[in-house]
Every structure is written in C-alpha cells, then in structure tokens.
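Close look at the chain arrangement
Read off the chains here:
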Amino acid sequence: MTDPTSPMPPDQPANQAGGPPQPAPPPLSAAGPPPAPQPQDATLFSQPIPAAPAKRSNARAWAVGGIALVVALCCGGAAINAINGNDGAEPQSIAATSASPSSTAPTTTAPTTAAPTTAAPTSAAPATTEPAPTTAPPTPKPKVIKGRGDDLVRVGELSDLSVVKFTCKCTSNTVLKSDGDGLLVNEIGSYTGKRWINLEDGSLTTQFEIEASGSWTLTIGTIAQMATKFPTGKASGKGDDVLVLGGDATAAKITHRRGDSNFVVYAYSIDTGEGGLLVNEIGGYSGVRPLSAPALVQVTADGYWTITPA
C-alpha cells in the first residue's frame, strides 16, 4: 500500500480521482518526426470538390442553378448528418454511404409521362351566316284609282298626312271632296293638281266624292312619294301643288302672275311644325312673307307662281 505522504515519481502523472487511466504518451524516437496522422477514411477526401456553378446571364440560368444548389445542400447535409450521427460507430466514407443501400428504398418517382390530353374534337357549330340587317318593309306604292263621271271612292281610313293628285279631262264643272278635309278642287274644265289631306287635327279621310264630266285619275301617296321637292328653297310652278322646300331661309318672296282666281299659300316649318296661311289673294300677287325653311308648302293657283328665299 502506497504511503500518501511519499512523493510521486516525476515521470508518473497523477490520475484524477474517479477518471479512467490515461495511456502514457509514446516515447519520442530520435530516428525522425512522428508519423503523420492517417485519416480515418481516405475516401472522405478523395471526392472532388464540385466547382461553384458559373454565373448565368439570364433568369432561367439562375433558376436552374438555384435548383442544383438546393439539391447539393440537401444531399451534402444528409451525408454530414450521417457522419456526425454515428459517434460511437465506425465512420464511413461518403462513397460507402452513398453506395450502401439505405433501409428505406428511395422512392424514385417514375416520370409520369402524362398522356397527351387530346381534347375530344368538338364538333363546332356550323358557322351561321349573320342574318341580313332587318330592313323596314317597303312603303306601299301610291294608290291609283281611275274612273269616269261622278263617283264615290272609298279608300279606308287614311289617318296619315298624305298627298292627293287629281287629273280630269273634263269640259264642265270638276269637283273633288274629302270627307275629312272638305272641298279640295272646284274648277271648270280640265284640271291637274295636288292637295294635301289629313294635315289638321281631327281630319280623317275615308272616301272621296268626285263630280266630273270626263275620265279622271285619283292618286294617293305619302309626302315623300308625291310632294314636289325643291332642295335649294327656290321653287316655281303652275296651278295647285304641294312642295317640300329646303334651305334655311326665314322669309320668302312670293309671286303669282297670269292668274284670275284665288291664289292661296300655306306653309309649315318641318322643324317646328309652326306656320299657317301666308297668302290669300285673287289674281296677281307679289310680296315677302315669313317662311321658315325647310318647310312643307301648299299652293292653290290658276296661274304661274314663284317662291324665292328672301
């Protein structure tokens, strides 16, 4: 039994209480330097260090490089964890680790080659030709009625503003009456002229009464079909007529010559509908009257007349 009071030899280091005995260091040999420590696994340093990916110049190259970097980090981290996790086990090289099959077989997802989704050929509806633009039905042609001598002509309810042209090859009294507008024509001998009907409120023509000594023709149509057009607003003629005057005049000079009976002029503005009687004279006439063009005008005369913007 060793005396605790006796000194310990200098070449024997003291063991710490409770610690395991430490092996003595090997004696230095004078033959040369100590041998270099051998790596635990030569293959750990035999793997080539992957070079850093070269910089790409576009966004797609950066994306590919980023994916490769993530894969390298994941694989490298798994290898390092495998090495560090086996503290008491014999270290394995990276090559051995990668070569040895893991307990769980890597689930390598087979590239699913998705069958090309060929859309079923949809039988496209046959190209339908666009329907032709609906056009308003054509306006009926003017109604023409012919006869001889006295007659009563029923035409139904003519509620729209219309124009009547009456022609009679007569030798005596010639009369044309409307049950909506009253007396339209009252002449001696042959007659040709136009009058409007259904202009006033409440006027509704359903029939005409004719007194004639010869053959006659009665024509009924719309303003667009039957009225005489004067786009510039300057008009001239002879006898009874219905006119559409163009232009933008506010007054007109009206004349009547070589006439012996009544000379009457009515005019209504097409824009406002305002107007009325402008002239009612017997024989010749010349004067300036207010007339707002464009206008619808009716002239009753047995001579020659003119209407000129003033």
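Residues numbered from 1 in each chain as written. Predicted model: local features only at pLDDT ≥ 70, side-chain atom pairs only at ≥ 80, totals over all residues. Heavy atoms only, no water.

One pass over the structure, following the stated rule, counts one disulfide. The disulfide partner of Cys 168 is Cys 170, and the S-S distance across this bridge is 1.6 Å. With respect to class, Cys 168 is no different from Cys 170; both count as buried. (Disulfide = S-S within 2.5 Å. Buried < 20%, exposed > 50% of the residue type's maximum accessible area, 1.4 Å probe, protein only.)

The next point concerns the sheet that holds strand 14 (residues 275-282). One open sheet holds the five strands; their spatial order is 9-11-16-13-14, and the pairing between them is mixed. The open sheet has two edge strands, strand 9 (228-230) and strand 14, and neither has a second partner. Across the sheet, the mean angle separating the axes of adjacent strands is 20° when strand polarity is ignored. Across five bridges, the pairing between strand 11 (residues 241-245) and strand 16 (residues 295-300) is antiparallel. Within the sheet, the bridge partner assigned to Leu 245 lies in strand 16 and is Ala 295. (Pairing = 2+ DSSP bridges. Helix = DSSP H or I, 4+ residues; strand = E, 2+ residues; numbered from the N terminus. Axes fitted to C-alpha atoms, helices over the stretch in contact; angles between N-to-C directions.)

Applying the stated rule across the entire model yields four aromatic pairs. Ring centres of Phe 263 and Tyr 285 lie 6.1 Å apart, and the angle between their planes is 35°; this geometry places the pair in the tilted category. Residue Phe 263 is located in strand 13 (residues 262-269), and its partner Tyr 285 is located in strand 15 (residues 285-290); the two are separated by 22 residues in the primary sequence. Of the aromatic side chains, those joined through ring pairs into one cluster are Phe 166, Tyr 191 and Trp 216. Above the ring of Tyr 304, the side-chain terminus of Lys 238 is found at 5.5 Å from the ring centroid. (Phe/Tyr/Trp six-rings, centres within 6.5 Å; stacked < 30°, edge-to-face > 60°. Lys NZ or Arg CZ within 6 Å of the ring centre and 35° of its normal.)

The subject of this paragraph is the sheet that holds strand 12 (residues 251-257). Strand pairing in a sheet is mediated by backbone hydrogen bonds. Such pairs are either parallel or antiparallel. Taken in spatial order, the four strands of this open sheet run 10-17-12-15, and their pairing is antiparallel. The open sheet is flanked by strand 10 (235-238) and strand 15, the only strands paired with a single partner. If you compare each strand with its neighbour and ignore which way they point, the axes differ by 15° on average. In the sheet, strand 12 pairs with strand 15 via six bridges, with the strands oriented antiparallel. Paired with Ala 252 across the strands is Arg 289, a residue of strand 15.

Before going further, it helps to examine the environment of Ile 188. The residue Ile 188 is located in strand 5 (residues 182-188) in this model. With a relative accessible area of 64%, Ile 188 lands in the exposed category. Considering only alpha carbons, one finds Ile 188 and Ser 172, 16 residues apart in sequence, at a separation of 5.3 Å. What Ile 188 contacts, discounting residues up to four positions off in sequence, is Ser 172 and Asn 173. (Contact = heavy atoms within 4.5 Å.)

Within the element layout of this structure, Asn 198 appears in the loop between strand 6 (191-197) and strand 7 (205-211). Within polar-contact distance, the side chain of Asn 198 engages the backbone oxygen of Asp 160 at 3.0 Å. When residues no more than four places from it in sequence are discounted, the contact partners of Asn 198 are Leu 158, Ser 159, Asp 160, Leu 161, Asp 181, Ser 203, Leu 204 and Thr 205. (Polar contact = N/O pair within 3.5 Å; in protein donor to acceptor, adjacent residues only side chain to side chain.)

Right, let's talk about the side chain of Thr 300 for a bit. Here Thr 300 is to be found in strand 16. Taking relative accessible area as the criterion, Thr 300 reaches 18% and is therefore assigned buried. Residues within four places of Thr 300 in sequence aside, it is in contact with Arg 195, Asp 240, Asn 262, Phe 263 and Val 264.

For the rest of this paragraph, the subject is the environment of Leu 291. Examined against the element boundaries, Leu 291 turns out to sit in the loop between strand 15 and strand 16. A relative accessible area of 5% means that Leu 291 is categorised as buried. A sequence separation of 25 residues divides Leu 291 from Tyr 266, and the C-alpha atoms of the two residues are 9.7 Å apart. Residues in contact with Leu 291, not counting those within four places in the same chain, are Leu 245, Ala 249, Thr 250, Ala 251, Ala 252, Ala 267, Leu 278 and Val 297.

On to the pairing of strand 3 (residues 162-168), then. With five of seven residues buried, strand 3 lies mostly within the body of the structure. For strand 3 and strand 6, the ladder comprises seven bridges, and the chain directions are antiparallel. Bridging across to strand 6, Val 164 finds its partner in Arg 195. In the sheet, strand 3 pairs with strand 8 (residues 215-221) via six bridges, with the strands oriented antiparallel. Bridging from a neighbouring strand, Phe 166 pairs with Leu 218 of strand 8.

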